[in-house]
Amino acid sequence: MNHRSRFMPSRLVTGALALILVAGLAACGSNNNDASSSAPGASSQASGKKVTVTFWNTFTGSDGDTLKEIVDGYNAKNKGKIEVKMDILPADQFNQKLPPSIATSTAPSLVAMSPTSASAFIQNGTLLPLDDFYETPGVNKADFEDSAIQLGQSGGKTYLLPMQVFGIQFYWNMDLFKAAGLDPEKPPADFNELADYAVKLTDASKNQYGFLMPIKGAPQYYSMFVWGNGGEMVDASAKQSVLNTPENVKTFEWLADLAVNKKVTPKGLNGVETDKLFLGGKAGMYITGPWLAAGLKSNNVNFGVSLPPKGSAAQATIADGVGFAVPKGTSDEERLAAYDFIGYWNSTEIAKEWSQKIGFPPYLKSVAADPDIQADETIAAMSNLGSAGRAFLPGIVNADRINSDVLFPLMEQIVSGLDPATGVQKASDAIDDILKTEK
(Lines give C-alpha, C1' and ligand atoms only; values in the text may rest on other atoms or scores of the structure.)
Protein backbone atom coordinates (compact mmCIF):
# COMPACT_ATOMS: atom_id res chain seq x y z
CA MET A 1 0.00 0.00 0.00
CA ASN A 2 1.29 3.46 -0.87
CA HIS A 3 0.86 5.11 2.53
CA ARG A 4 1.88 8.56 1.32
CA SER A 5 -1.02 8.53 -1.13
CA ARG A 6 -3.33 8.66 1.91
CA PHE A 7 -2.45 12.35 2.11
CA MET A 8 -2.80 13.19 -1.58
CA PRO A 9 -6.09 14.74 -2.77
CA SER A 10 -8.32 12.25 -4.60
CA ARG A 11 -12.09 12.64 -4.96
CA LEU A 12 -14.72 10.62 -6.74
CA VAL A 13 -18.50 11.05 -6.73
CA THR A 14 -20.45 7.93 -7.66
CA GLY A 15 -24.23 8.09 -7.34
CA ALA A 16 -25.13 9.11 -3.80
CA LEU A 17 -21.66 8.40 -2.40
CA ALA A 18 -18.89 10.98 -2.26
CA LEU A 19 -15.89 8.70 -1.83
CA ILE A 20 -12.43 9.96 -1.01
CA LEU A 21 -9.97 7.09 -0.96
CA VAL A 22 -6.22 6.82 -0.82
CA ALA A 23 -4.07 4.68 1.25
CA GLY A 24 -3.60 4.31 4.82
CA LEU A 25 -5.72 4.18 7.88
CA ALA A 26 -7.32 2.49 10.68
CA ALA A 27 -9.85 1.82 13.16
CA CYS A 28 -11.00 0.03 16.11
CA GLY A 29 -10.32 -3.35 17.40
CA SER A 30 -10.33 -6.72 19.00
CA ASN A 31 -7.85 -9.38 19.99
CA ASN A 32 -7.32 -13.10 20.38
CA ASN A 33 -4.21 -13.93 22.40
CA ASP A 34 -2.80 -16.31 19.80
CA ALA A 35 -3.65 -17.17 16.22
CA SER A 36 -4.31 -20.85 16.94
CA SER A 37 -7.19 -19.90 19.26
CA SER A 38 -9.22 -18.47 16.38
CA ALA A 39 -12.31 -20.67 16.13
CA PRO A 40 -14.30 -21.00 12.90
CA GLY A 41 -17.40 -18.79 12.62
CA ALA A 42 -20.41 -19.98 14.57
CA SER A 43 -22.66 -20.08 11.53
CA SER A 44 -20.15 -22.20 9.63
CA GLN A 45 -20.00 -24.71 12.46
CA ALA A 46 -23.78 -24.82 12.68
CA SER A 47 -24.35 -25.37 8.97
CA GLY A 48 -21.40 -27.67 8.38
CA LYS A 49 -20.56 -25.96 5.07
CA LYS A 50 -17.69 -23.75 4.06
CA VAL A 51 -18.27 -20.00 4.17
CA THR A 52 -16.44 -17.79 1.66
CA VAL A 53 -15.43 -14.26 2.64
CA THR A 54 -14.58 -12.01 -0.30
CA PHE A 55 -12.10 -9.33 0.72
CA TRP A 56 -11.14 -6.21 -1.26
CA ASN A 57 -8.23 -3.94 -0.35
CA THR A 58 -5.60 -1.68 -1.92
CA PHE A 59 -2.38 -3.19 -0.55
CA THR A 60 -0.64 -2.99 -3.92
CA GLY A 61 2.85 -2.49 -2.45
CA SER A 62 5.27 -5.02 -1.02
CA ASP A 63 3.10 -5.22 2.10
CA GLY A 64 0.52 -6.97 -0.07
CA ASP A 65 2.82 -9.99 -0.24
CA THR A 66 2.86 -10.22 3.54
CA LEU A 67 -0.91 -9.78 3.65
CA LYS A 68 -1.30 -12.67 1.17
CA GLU A 69 0.90 -14.88 3.34
CA ILE A 70 -1.28 -14.18 6.37
CA VAL A 71 -4.50 -14.81 4.44
CA ASP A 72 -3.08 -18.07 3.08
CA GLY A 73 -2.13 -19.13 6.60
CA TYR A 74 -5.64 -18.41 7.85
CA ASN A 75 -7.20 -20.38 5.01
CA ALA A 76 -4.94 -23.36 5.71
CA LYS A 77 -5.99 -23.38 9.38
CA ASN A 78 -9.68 -23.17 8.45
CA LYS A 79 -9.75 -25.49 5.45
CA GLY A 80 -13.26 -26.64 4.71
CA LYS A 81 -14.78 -24.15 7.15
CA ILE A 82 -13.93 -20.58 6.10
CA GLU A 83 -12.04 -19.30 3.07
CA VAL A 84 -10.98 -15.69 2.54
CA LYS A 85 -10.80 -14.87 -1.16
CA MET A 86 -8.83 -11.65 -1.51
CA ASP A 87 -8.67 -9.16 -4.38
CA ILE A 88 -5.97 -6.48 -4.18
CA LEU A 89 -7.03 -3.51 -6.32
CA PRO A 90 -5.38 -0.23 -7.28
CA ALA A 91 -7.02 2.60 -5.32
CA ASP A 92 -8.74 4.10 -8.37
CA GLN A 93 -10.35 0.75 -9.27
CA PHE A 94 -11.43 0.24 -5.66
CA ASN A 95 -12.98 3.72 -5.79
CA GLN A 96 -14.85 2.93 -8.97
CA LYS A 97 -16.04 -0.58 -8.12
CA LEU A 98 -17.14 -0.45 -4.50
CA PRO A 99 -20.10 2.01 -4.58
CA PRO A 100 -21.92 0.33 -7.50
CA SER A 101 -21.20 -3.12 -6.07
CA ILE A 102 -22.98 -2.14 -2.85
CA ALA A 103 -25.89 -0.64 -4.82
CA THR A 104 -26.32 -3.86 -6.82
CA SER A 105 -25.81 -6.25 -3.87
CA THR A 106 -22.61 -7.63 -5.40
CA ALA A 107 -20.22 -6.11 -2.87
CA PRO A 108 -17.48 -8.09 -1.17
CA SER A 109 -18.05 -9.40 2.35
CA LEU A 110 -15.13 -7.40 3.70
CA VAL A 111 -13.15 -4.32 2.66
CA ALA A 112 -10.19 -2.39 4.02
CA MET A 113 -10.46 1.40 4.05
CA SER A 114 -9.57 4.51 6.00
CA PRO A 115 -11.92 6.25 8.44
CA THR A 116 -12.07 9.26 6.11
CA SER A 117 -13.01 7.08 3.15
CA ALA A 118 -15.60 5.29 5.26
CA SER A 119 -17.39 8.53 6.22
CA ALA A 120 -19.41 8.80 3.01
CA PHE A 121 -20.53 5.17 3.27
CA ILE A 122 -21.47 5.56 6.92
CA GLN A 123 -23.48 8.68 6.14
CA ASN A 124 -25.37 6.81 3.42
CA GLY A 125 -25.97 3.73 5.57
CA THR A 126 -23.99 1.39 3.33
CA LEU A 127 -21.62 0.01 5.99
CA LEU A 128 -22.83 -2.26 8.76
CA PRO A 129 -22.23 -1.37 12.42
CA LEU A 130 -19.81 -3.91 13.92
CA ASP A 131 -20.08 -3.31 17.67
CA ASP A 132 -21.02 -6.94 18.38
CA PHE A 133 -17.56 -8.02 17.23
CA TYR A 134 -16.29 -7.17 20.71
CA GLU A 135 -18.64 -9.77 22.17
CA THR A 136 -16.93 -12.53 20.18
CA PRO A 137 -15.38 -15.19 22.45
CA GLY A 138 -11.61 -14.76 22.64
CA VAL A 139 -11.68 -11.07 21.76
CA ASN A 140 -9.96 -8.84 24.32
CA LYS A 141 -10.98 -5.24 23.69
CA ALA A 142 -8.72 -4.07 26.53
CA ASP A 143 -5.67 -5.08 24.49
CA PHE A 144 -6.28 -2.27 22.00
CA GLU A 145 -4.98 1.27 22.32
CA ASP A 146 -7.86 3.71 22.86
CA SER A 147 -6.89 5.73 19.79
CA ALA A 148 -7.21 2.62 17.62
CA ILE A 149 -10.70 1.88 18.89
CA GLN A 150 -11.88 5.47 18.42
CA LEU A 151 -10.76 5.57 14.79
CA GLY A 152 -13.50 3.16 13.81
CA GLN A 153 -16.33 4.92 15.60
CA SER A 154 -18.91 7.34 14.26
CA GLY A 155 -22.12 8.51 15.91
CA GLY A 156 -21.59 6.19 18.86
CA LYS A 157 -21.27 3.07 16.71
CA THR A 158 -18.32 1.07 15.40
CA TYR A 159 -17.98 0.73 11.63
CA LEU A 160 -14.30 -0.16 11.27
CA LEU A 161 -12.29 -2.84 13.04
CA PRO A 162 -8.51 -2.60 13.20
CA MET A 163 -6.20 -3.74 10.48
CA GLN A 164 -3.35 -1.26 10.75
CA VAL A 165 -2.96 1.79 12.97
CA PHE A 166 -0.16 4.30 13.07
CA GLY A 167 0.59 7.76 14.35
CA ILE A 168 2.31 10.66 12.67
CA GLN A 169 5.74 10.99 14.25
CA PHE A 170 8.35 13.63 15.06
CA TYR A 171 11.80 12.90 13.59
CA TRP A 172 15.09 14.60 14.37
CA ASN A 173 18.59 14.27 12.91
CA MET A 174 20.88 13.39 15.82
CA ASP A 175 24.07 14.38 14.03
CA LEU A 176 22.72 17.84 13.19
CA PHE A 177 21.55 18.22 16.79
CA LYS A 178 25.03 17.46 18.06
CA ALA A 179 26.65 19.86 15.56
CA ALA A 180 24.28 22.62 16.73
CA GLY A 181 25.20 22.07 20.38
CA LEU A 182 21.93 20.29 21.22
CA ASP A 183 21.57 17.01 23.09
CA PRO A 184 21.10 14.43 20.30
CA GLU A 185 19.18 12.12 22.64
CA LYS A 186 16.53 14.69 23.54
CA PRO A 187 13.94 16.06 21.11
CA PRO A 188 12.26 19.37 21.94
CA ALA A 189 9.80 18.94 24.79
CA ASP A 190 7.40 21.69 23.74
CA PHE A 191 6.66 24.17 20.97
CA ASN A 192 8.93 26.82 22.46
CA GLU A 193 11.90 24.46 22.39
CA LEU A 194 11.01 23.38 18.86
CA ALA A 195 11.17 27.01 17.72
CA ASP A 196 14.48 27.55 19.51
CA TYR A 197 16.01 24.36 18.10
CA ALA A 198 14.74 25.14 14.59
CA VAL A 199 16.68 28.41 14.55
CA LYS A 200 19.84 26.74 15.87
CA LEU A 201 19.60 23.97 13.28
CA THR A 202 19.13 26.31 10.31
CA ASP A 203 22.26 27.12 8.31
CA ALA A 204 21.63 28.95 5.04
CA SER A 205 25.25 28.55 3.94
CA LYS A 206 24.74 24.77 3.87
CA ASN A 207 21.15 24.83 2.56
CA GLN A 208 20.24 23.24 5.87
CA TYR A 209 16.85 23.81 7.48
CA GLY A 210 15.72 23.52 11.07
CA PHE A 211 12.11 22.39 10.65
CA LEU A 212 10.41 21.34 7.42
CA MET A 213 6.91 22.64 6.58
CA PRO A 214 5.54 21.05 3.38
CA ILE A 215 2.61 22.82 1.74
CA LYS A 216 0.84 19.76 0.25
CA GLY A 217 1.08 16.00 -0.20
CA ALA A 218 1.97 15.37 3.44
CA PRO A 219 0.32 14.44 6.72
CA GLN A 220 -1.77 17.21 8.25
CA TYR A 221 1.05 18.23 10.61
CA TYR A 222 -0.44 21.70 11.14
CA SER A 223 -3.30 20.08 13.08
CA MET A 224 -0.89 18.97 15.82
CA PHE A 225 -0.03 22.59 16.53
CA VAL A 226 -3.69 23.63 16.49
CA TRP A 227 -4.67 20.82 18.87
CA GLY A 228 -1.57 21.28 21.00
CA ASN A 229 -2.55 24.87 21.73
CA GLY A 230 -6.12 23.96 22.61
CA GLY A 231 -7.74 24.73 19.26
CA GLU A 232 -9.97 22.84 16.87
CA MET A 233 -10.72 23.22 13.17
CA VAL A 234 -14.27 21.89 12.83
CA ASP A 235 -17.19 21.27 15.17
CA ALA A 236 -18.24 17.90 13.75
CA SER A 237 -21.63 17.81 15.47
CA ALA A 238 -22.62 21.29 14.25
CA LYS A 239 -20.88 20.87 10.87
CA GLN A 240 -19.30 24.27 11.36
CA SER A 241 -15.81 25.74 11.21
CA VAL A 242 -14.19 26.77 14.49
CA LEU A 243 -10.89 27.67 12.87
CA ASN A 244 -11.15 31.45 13.26
CA THR A 245 -10.39 31.80 16.98
CA PRO A 246 -7.73 33.83 18.82
CA GLU A 247 -5.79 30.74 19.86
CA ASN A 248 -5.72 29.40 16.30
CA VAL A 249 -4.65 32.75 14.84
CA LYS A 250 -1.85 32.83 17.41
CA THR A 251 -0.76 29.33 16.39
CA PHE A 252 -0.57 30.24 12.72
CA GLU A 253 1.25 33.47 13.57
CA TRP A 254 3.83 31.35 15.39
CA LEU A 255 4.24 29.10 12.34
CA ALA A 256 4.51 32.16 10.08
CA ASP A 257 7.24 33.63 12.26
CA LEU A 258 9.27 30.43 11.95
CA ALA A 259 8.81 30.22 8.18
CA VAL A 260 8.97 33.87 7.10
CA ASN A 261 11.09 35.65 9.68
CA LYS A 262 13.36 32.88 10.91
CA LYS A 263 13.46 31.02 7.60
CA VAL A 264 13.67 27.59 9.19
CA THR A 265 11.92 25.91 6.23
CA PRO A 266 12.17 26.10 2.44
CA LYS A 267 9.10 27.52 0.70
CA GLY A 268 6.72 25.75 -1.65
CA LEU A 269 7.85 22.14 -1.24
CA ASN A 270 5.52 19.16 -1.19
CA GLY A 271 5.84 16.12 1.05
CA VAL A 272 7.93 14.10 -1.38
CA GLU A 273 10.42 16.96 -1.66
CA THR A 274 10.66 17.51 2.09
CA ASP A 275 11.10 13.76 2.57
CA LYS A 276 14.12 13.91 0.25
CA LEU A 277 15.63 16.81 2.21
CA PHE A 278 15.37 14.95 5.48
CA LEU A 279 16.60 11.69 3.94
CA GLY A 280 19.56 13.64 2.56
CA GLY A 281 20.56 15.00 5.97
CA LYS A 282 19.58 18.58 5.09
CA ALA A 283 17.01 19.16 7.82
CA GLY A 284 17.07 18.94 11.58
CA MET A 285 13.40 18.21 12.41
CA TYR A 286 10.38 16.91 10.52
CA ILE A 287 6.88 15.57 11.18
CA THR A 288 5.68 12.71 8.99
CA GLY A 289 4.59 9.07 9.06
CA PRO A 290 6.38 5.82 10.01
CA TRP A 291 7.09 5.06 6.34
CA LEU A 292 10.10 7.41 6.49
CA ALA A 293 12.01 5.25 8.99
CA ALA A 294 13.06 2.52 6.54
CA GLY A 295 14.53 5.09 4.13
CA LEU A 296 16.41 6.82 6.93
CA LYS A 297 17.94 3.52 7.95
CA SER A 298 18.94 2.61 4.41
CA ASN A 299 20.47 6.09 3.97
CA ASN A 300 22.41 5.68 7.22
CA VAL A 301 20.83 8.78 8.74
CA ASN A 302 21.33 8.90 12.51
CA PHE A 303 17.84 9.80 13.65
CA GLY A 304 15.47 9.78 16.60
CA VAL A 305 11.70 9.42 16.58
CA SER A 306 9.03 10.32 19.10
CA LEU A 307 5.61 11.91 19.51
CA PRO A 308 5.49 15.58 18.50
CA PRO A 309 6.33 18.12 21.22
CA LYS A 310 3.69 19.42 23.62
CA GLY A 311 1.81 22.64 23.07
CA SER A 312 0.43 25.01 25.66
CA ALA A 313 -2.61 22.77 26.20
CA ALA A 314 -1.77 19.23 25.11
CA GLN A 315 0.44 16.82 23.25
CA ALA A 316 -1.28 15.68 20.07
CA THR A 317 -0.69 13.74 16.90
CA ILE A 318 -2.73 12.17 14.11
CA ALA A 319 -3.77 8.57 14.58
CA ASP A 320 -4.44 7.01 11.22
CA GLY A 321 -4.51 3.64 9.58
CA VAL A 322 -6.63 1.08 7.76
CA GLY A 323 -9.70 -0.68 9.10
CA PHE A 324 -11.91 -3.62 8.17
CA ALA A 325 -15.47 -2.71 7.13
CA VAL A 326 -18.44 -4.88 6.17
CA PRO A 327 -20.69 -3.52 3.38
CA LYS A 328 -24.47 -3.50 3.64
CA GLY A 329 -26.01 -6.62 2.15
CA THR A 330 -23.41 -9.00 3.59
CA SER A 331 -25.14 -12.04 5.07
CA ASP A 332 -24.92 -12.80 8.79
CA GLU A 333 -23.06 -15.98 7.93
CA GLU A 334 -20.39 -14.09 5.99
CA ARG A 335 -20.21 -11.34 8.61
CA LEU A 336 -19.53 -13.86 11.38
CA ALA A 337 -16.93 -15.59 9.22
CA ALA A 338 -15.32 -12.17 8.57
CA TYR A 339 -15.27 -11.61 12.34
CA ASP A 340 -13.34 -14.85 12.71
CA PHE A 341 -10.71 -13.70 10.23
CA ILE A 342 -10.49 -10.26 11.87
CA GLY A 343 -9.99 -11.97 15.23
CA TYR A 344 -7.17 -14.03 13.70
CA TRP A 345 -5.60 -10.88 12.25
CA ASN A 346 -5.76 -9.22 15.66
CA SER A 347 -4.16 -12.11 17.51
CA THR A 348 -0.87 -11.31 19.21
CA GLU A 349 0.99 -13.73 16.95
CA ILE A 350 -0.25 -12.35 13.62
CA ALA A 351 -0.18 -8.70 14.68
CA LYS A 352 3.45 -9.15 15.74
CA GLU A 353 4.30 -10.75 12.39
CA TRP A 354 2.70 -7.84 10.51
CA SER A 355 4.50 -5.23 12.61
CA GLN A 356 7.90 -6.85 12.23
CA LYS A 357 7.66 -7.48 8.50
CA ILE A 358 6.08 -4.13 7.55
CA GLY A 359 7.89 -2.00 10.13
CA PHE A 360 4.77 -0.23 11.37
CA PRO A 361 4.01 0.16 15.08
CA PRO A 362 1.55 -2.25 16.72
CA TYR A 363 -1.75 -1.07 18.18
CA LEU A 364 -2.17 -4.12 20.43
CA LYS A 365 -0.70 -3.65 23.89
CA SER A 366 0.38 -7.29 24.00
CA VAL A 367 2.45 -6.81 20.84
CA ALA A 368 3.91 -3.49 21.97
CA ALA A 369 5.10 -5.22 25.17
CA ASP A 370 6.70 -8.12 23.29
CA PRO A 371 10.51 -8.35 23.86
CA ASP A 372 11.24 -8.61 20.13
CA ILE A 373 9.20 -5.48 19.39
CA GLN A 374 10.77 -3.66 22.33
CA ALA A 375 14.21 -4.56 20.96
CA ASP A 376 13.45 -2.59 17.77
CA GLU A 377 14.00 0.95 19.03
CA THR A 378 12.17 2.60 16.14
CA ILE A 379 9.03 0.45 16.31
CA ALA A 380 9.01 0.64 20.11
CA ALA A 381 9.20 4.44 20.01
CA MET A 382 6.26 4.63 17.58
CA SER A 383 4.08 2.06 19.36
CA ASN A 384 2.30 3.97 22.09
CA LEU A 385 0.23 6.97 21.02
CA GLY A 386 -1.66 6.96 24.32
CA SER A 387 -4.05 9.87 24.67
CA ALA A 388 -2.11 11.95 22.10
CA GLY A 389 -3.52 10.15 19.06
CA ARG A 390 -6.47 11.83 17.36
CA ALA A 391 -8.33 11.29 14.10
CA PHE A 392 -8.31 14.12 11.57
CA LEU A 393 -11.81 15.64 11.32
CA PRO A 394 -13.68 12.44 12.26
CA GLY A 395 -17.23 12.19 10.93
CA ILE A 396 -16.65 14.82 8.23
CA VAL A 397 -17.26 13.37 4.76
CA ASN A 398 -15.29 16.20 3.11
CA ALA A 399 -12.30 15.98 5.47
CA ASP A 400 -9.85 15.29 2.62
CA ARG A 401 -11.26 18.19 0.61
CA ILE A 402 -10.93 20.57 3.57
CA ASN A 403 -7.34 19.44 3.99
CA SER A 404 -6.29 19.66 0.35
CA ASP A 405 -8.40 22.63 -0.80
CA VAL A 406 -8.35 24.85 2.28
CA LEU A 407 -5.91 24.03 5.07
CA PHE A 408 -2.83 23.12 3.08
CA PRO A 409 -3.34 26.17 0.82
CA LEU A 410 -3.53 28.19 4.05
CA MET A 411 -0.15 26.74 5.07
CA GLU A 412 1.27 27.57 1.64
CA GLN A 413 0.10 31.17 1.95
CA ILE A 414 1.42 31.53 5.49
CA VAL A 415 4.84 30.10 4.59
CA SER A 416 4.90 32.62 1.72
CA GLY A 417 4.13 35.59 3.99
CA LEU A 418 0.33 36.00 4.04
CA ASP A 419 -1.05 37.72 7.12
CA PRO A 420 -2.14 34.78 9.34
CA ALA A 421 -5.28 36.50 10.70
CA THR A 422 -6.53 37.24 7.18
CA GLY A 423 -5.67 33.74 5.99
CA VAL A 424 -7.38 32.01 8.91
CA GLN A 425 -10.57 34.03 8.43
CA LYS A 426 -10.77 33.23 4.71
CA ALA A 427 -9.99 29.57 5.36
CA SER A 428 -12.70 29.37 8.00
CA ASP A 429 -15.26 30.80 5.58
CA ALA A 430 -14.17 28.30 2.93
CA ILE A 431 -14.60 25.41 5.36
CA ASP A 432 -18.12 26.57 6.17
CA ASP A 433 -18.95 26.67 2.47
CA ILE A 434 -17.80 23.05 2.10
CA LEU A 435 -19.66 21.92 5.21
CA LYS A 436 -22.97 23.28 3.89
CA THR A 437 -23.16 20.15 1.75
CA GLU A 438 -23.14 17.97 4.88
CA LYS A 439 -25.95 19.69 6.78
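Above this note sits the structure.
Given the structure is predicted, the values throughout are model-derived calculations rather than measurements. (Residues numbered from 1 in each chain as written. Predicted model: local features only at pLDDT ≥ 70, side-chain atom pairs only at ≥ 80, totals over all residues. Heavy atoms only, no water.)

Draft legend 1. The arrangement of the pattern of salt bridges in detail. What the rule picks out here adds up to 16 salt bridges. Taking the shortest distance from any N to any O, the salt bridge between Asp 372 and Lys 352 comes out at 2.7 Å. Taken as a pair, Asp 372 in helix α15 (residues 371-375) and Lys 352 in helix α13 (residues 348-358) lie far apart in primary sequence, 20 residues in all. When its relative accessible area of 45% is taken as the criterion, Asp 372 is described as partly exposed. The structure contains a network of salt bridges with shared partners spanning Glu 69, Glu 353 and Lys 357. (Salt bridge = Lys/Arg side-chain N within 4 Å of Asp/Glu carboxyl O. Helix = DSSP H or I, 4+ residues; strand = E, 2+ residues; numbered from the N terminus. Buried < 20%, exposed > 50% of the residue type's maximum accessible area, 1.4 Å probe, protein only.)

Draft legend 2. Structural detail: empty space enclosed by the protein. A full pass over the atoms with the stated rule returns three cavities of 30 Å³ or more. If you add up the space inside the largest cavity, you get close to 190 Å³. Looking at the lining of the largest cavity, the elements that each hand over two or more residues are α4 (115-123), β6 (153-154) and β15 (317-325). The biggest single contributor to the lining of the largest cavity is α4, with five residues. Grouping the amino acids of the lining of the largest cavity by side-chain chemistry returns 14 nonpolar, six polar and two charged. Put simply, the second largest cavity is a space of about 90 Å³. (1 Å grid on protein atoms, 1.4 Å probe; cavity = no way out; pocket = protein on both sides within 12 Å on 5 of 7 lines; lining within 4 Å. Points joined across faces, edges and corners; volume = space filled by probe spheres on them. Nonpolar A, V, L, I, M, F, W, Y, C, P; charged D, E, K, R; others polar.)

Draft legend 3. Representation of the pairing of β15 within the structure. The buried fraction of β15 is high, at nine of nine residues. Judged from the six bridges that link them, strand β8 (residues 161-167) and β15 form a sheet pairing that is antiparallel. Residue Pro 162 lies in a different strand from β15, and its bridge partner there is Gly 323. (Pairing = 2+ DSSP bridges.)

Draft legend 4. Just the environment of Asp 87, in detail. Examined against the element boundaries, Asp 87 turns out to sit in strand β4 (residues 82-88). A C-alpha to C-alpha distance of 9.4 Å links Asp 87 and Pro 108, two positions 21 residues apart in sequence. Excluding residues that lie within four positions of it along the chain, Asp 87 makes contacts with Phe 55, Trp 56 and Asn 57. (Contact = heavy atoms within 4.5 Å.)

Draft legend 5. Spotlight on the sheet that holds strand β14 (residues 303-306). Pairing in this open sheet of four strands is mixed, and the strands run β10-β13-β9-β14 from one edge to the other. Of all strands in the sheet, those with a lone pairing partner are β10 (209-211) and β14, marking the two edges. Here the average twist between neighbouring strands, direction ignored, is 25 degrees. Sheet topology places strand β9 (residues 169-173) next to strand β13 (residues 283-288); four bridges connect them, and they run antiparallel. Residue pairing in the sheet places Phe 170 in a bridge with Ile 287 of β13. Against the sheet, helix α10 (residues 271-279) makes contact with β9, β10 and β13, and its axis sits at roughly 140 degrees relative to β13, the strand it touches most. (Axes fitted to C-alpha atoms, helices over the stretch in contact; angles between N-to-C directions.)

Keep in mind these values describe shape, not function.
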